[in-house]
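Chain and residue survey
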Amino acid sequence: MKKALKIVGFCFGGMLLLLAGFCAYVVAVGVPTYDPPTIPDVTVERTPARIARGEVIAQIQCMACHADNQNRLTGKYMAEAPPIFGKLYSKNITQDKEKGIGSWTDGEIMYFLRTGIRRDGSYAPVMPQYPNMADEDLKSVVAWLRSDRFPVQPTREEAPPTELSFVSLLLTHTLMKPLAYSPKLIALPDTTDPVALGRYTADAIGDCYGCHSGDMIDQSKTEPEKSKGYYGGGIEMKDEAGKSVLTANLTFDQQTGIARKYTKEQFIRVVKLGVRPDGSILRQPMFPRPMLSDNEVGAIYEYLKTVPKIKNDIAQKTAEVQLAEK
Ligand code: HEC
Ligand code: HEC
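I will try to describe carefully the structure that is included in this document. This one's a predicted model, so the numbers in the text were calculated from it and none came from an experiment. (Residues numbered from 1 in each chain as written. Chains lettered and ligands numbered in written order. Predicted model: local features only at pLDDT ≥ 70, side-chain atom pairs only at ≥ 80, totals over all residues. Heavy atoms only, no water.)

1. Details of the overall build of the chain
- Along the backbone of the chain there are 11 helices and 4 strands.
- Relative to the compact-globule value of 20 Å for 326 residues, the chain shows a C-alpha radius of gyration of 22 Å, a close match.
- Along the three orthogonal principal directions, the C-alpha set of the chain runs to about 75 × 50 × 40 Å.
- Looking at the chain as a whole, 46% of its 326 residues qualify as buried. (Helix = DSSP H or I, 4+ residues; strand = E, 2+ residues; numbered from the N terminus. Rg over C-alpha atoms; globule rule 2.2 N^0.38 Å. Buried < 20%, exposed > 50% of the residue type's maximum accessible area, 1.4 Å probe, protein only.)

2. Describing the site of ligand 2
- Looking at ligand 2, there are 21 residues lining it, with Cys208, Cys211, His212, Tyr262 and Met286 nearest.
- The separation between an oxygen atom of ligand 2 and a polar side-chain atom of lysine 261 is 3.4 Å.
- Here arginine 276 contributes a side-chain N or O atom positioned 2.8 Å from an oxygen atom of ligand 2.
- Among the residues making up the shell around ligand 2, the classes are represented as 14 nonpolar, 2 polar and 5 charged. (Near = heavy atom within 4 Å. Polar contact = N/O pair within 3.5 Å; in protein donor to acceptor, adjacent residues only side chain to side chain. Nonpolar A, V, L, I, M, F, W, Y, C, P; charged D, E, K, R; others polar.)

3. With respect to the pattern of salt bridges
- As enumerated under the stated definition, the model contains 20 salt bridges in all.
- Across the salt bridge formed by lysine 226 and glutamate 223, the nearest N and O atoms sit 3.0 Å from each other.
- Overall, glutamate 223 belongs to the partly exposed group, its relative accessible area being 34%.
- Overlapping salt bridges bring together Arg46, Asp106 and Arg146 as one network. (Salt bridge = Lys/Arg side-chain N within 4 Å of Asp/Glu carboxyl O.)

4. Overview of helix H4 (residues 106-115)
- With respect to burial, H4 is a largely interior element, 10 of its 10 residues being buried.
- Residues of H4 that are buried: Asp106, Gly107, Glu108, Ile109, Met110, Tyr111, Phe112, Leu113, Arg114 and Thr115.
- In the core, the buried residues of H4 are packed alongside helix H5 (135-145).
- Positive phi appears at glycine 116, one or two residues downstream of H4, with a value of about 90°. (Contact = heavy atoms within 4.5 Å.)

5. Here we look at the coordination of the iron atom of ligand 2
- The protein atoms donating to the iron atom of ligand 2 are His212 (NE2) and Met286 (SD), with metal-donor distances spanning 2.0 to 2.2 Å.
- Taken together, the 6 donor atoms surrounding the iron atom of ligand 2 define angles of 87 to 180° at the centre, an arrangement classified as octahedral. Of the two residues, histidine 212 sits in helix H8 (residues 208-212) while methionine 286 sits in the loop between helix H9 (264-273) and helix H10 (294-306), which places them 74 residues apart along the sequence.
- Of the residues examined, histidine 212 reaches a relative accessible area of 10% and is grouped as buried. (Donors = N, O, S within 2.8 Å, 3.2 Å for Na, K, Ca; no water. Tetrahedral: all angles 85-135°; square planar, octahedral: opposite > 155°, others 65-115°.)

6. Examining the coordination of the iron atom of ligand 1
- Within the first shell, the iron atom of ligand 1 binds the protein through His66 (NE2) and Met127 (SD), at distances of 2.0 to 2.1 Å.
- Each of the 6 donor atoms bound to the iron atom of ligand 1 contributes to angles spanning 86 to 179°, and the resulting shape is octahedral. Taken together, the residues span a long stretch of sequence, with histidine 66 in helix H3 (residues 62-66) and methionine 127 in the loop between H4 and H5 at a distance of 61 residues. By the burial criterion, histidine 66 is buried, and methionine 127 matches it.

7. Topic: the packing of aromatic side chains
- With the rule as written, the count across this model stands at 8 aromatic pairs.
- Note on phenylalanine 267 and tyrosine 301: the rings are 5.3 Å apart at their centroids and 45° apart in plane angle, and the pair reads as tilted. Here tyrosine 301 lies in helix H10 and phenylalanine 267 lies in helix H9, a separation of 34 residues in the sequence. One exposure class covers both phenylalanine 267 and tyrosine 301, and it is buried.
- Among the aromatic residues, those joined into a cluster by ring pairs are Tyr209, Tyr230 and Tyr231. (Phe/Tyr/Trp six-rings, centres within 6.5 Å; stacked < 30°, edge-to-face > 60°.)

In short, geometric facts, not functional conclusions.
This is how it looks when you write it as structure tokens:
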């Protein structure tokens, strides 16, 4: 009996040592780097149609994280990120050749947006990846980044470097990985099929599931519907005043989902303008998305009807969180 205990003790001690060693290794290495990639050889033609479409995608994605209060993409502090991940800052992605991405090739930008890997093999864990964005939309983003629009004009201002917490570092060695680059063409959805258009707009362009699922980490960027609690909501975030706000349950669960609250018209209004049917205003980080068309937001509503229903009472959870904050 005693001997058995001793063996268990040794095993346990050994495991602790291994764990301590792994932690020390993670701290010493920092974010892992990868082999410098083979960058696709593309030159994006900057047509007015692409620049206009790129602007829509930029307004829904890039601006929220990269724009300073003058609307220039200098990079900024990411206040809404939970503190457990560290102090996160985005980067200057203006056309400045040194501080921004003026010296990146079109292919390097496209590769990075799909995978999270820069040309030198370094990995940007905080920046979302867009593996399901259609080639044509990705090219539109590049065309806009290269355009004469105000936000992307070169400026040397930049945000401080990110300070990742130990938890974040640990994640980059375990769950968070760059994505593979697929040379296959990713096509735009069939715009005459509302469910397909809605799914694409919500998952590939809007990244709605990124906030409206059950967990920030347990998500699949390549197959969003495999994310934990897909569209069931409940992730705790911070509004501009630093107060907790929980993401909504967007499934059509009759008791706890949004179905019971919104008609399609009301849904379009709340997503585009940020105003609920009772006149109340949605809090940050849920910003209004007037850049999407009624057709696109209506399509998201149609798509959400097809998503597996999840019972998750956000109102009750919010009350609990608020009670704990007092
Ligand atoms: C959720 C916030 C977020 C969104 C949305 C976002 N970014 Fe980023 N981005 C970041 C952060 C944070 C970094 C710094 C990454 C790091 O250091 O890990 C970054 C880094 C980058 C870089 C690398 C810059 C460098 O010098 O290394 C590029 C390029 C970039 N983003 C472009 C874009 C574009 C284009 C979009 C829109 C399609 C976009 N980002 C959307 C947060 C975001
Ligand atoms: C950065 C995180 C984030 C992203 C991305 C995001 N949301 Fe939200 N959303 C929230 C939060 C937080 C709330 C809760 C706001 C509140 O309670 O005031 C919310 C609330 C909502 C509501 C209101 C529900 C209610 O309770 O009345 C709807 C509808 C909604 N989001 C739809 C969307 C759609 C559609 C997308 C994609 C186009 C999206 N959201 C993307 C964070 C996000």
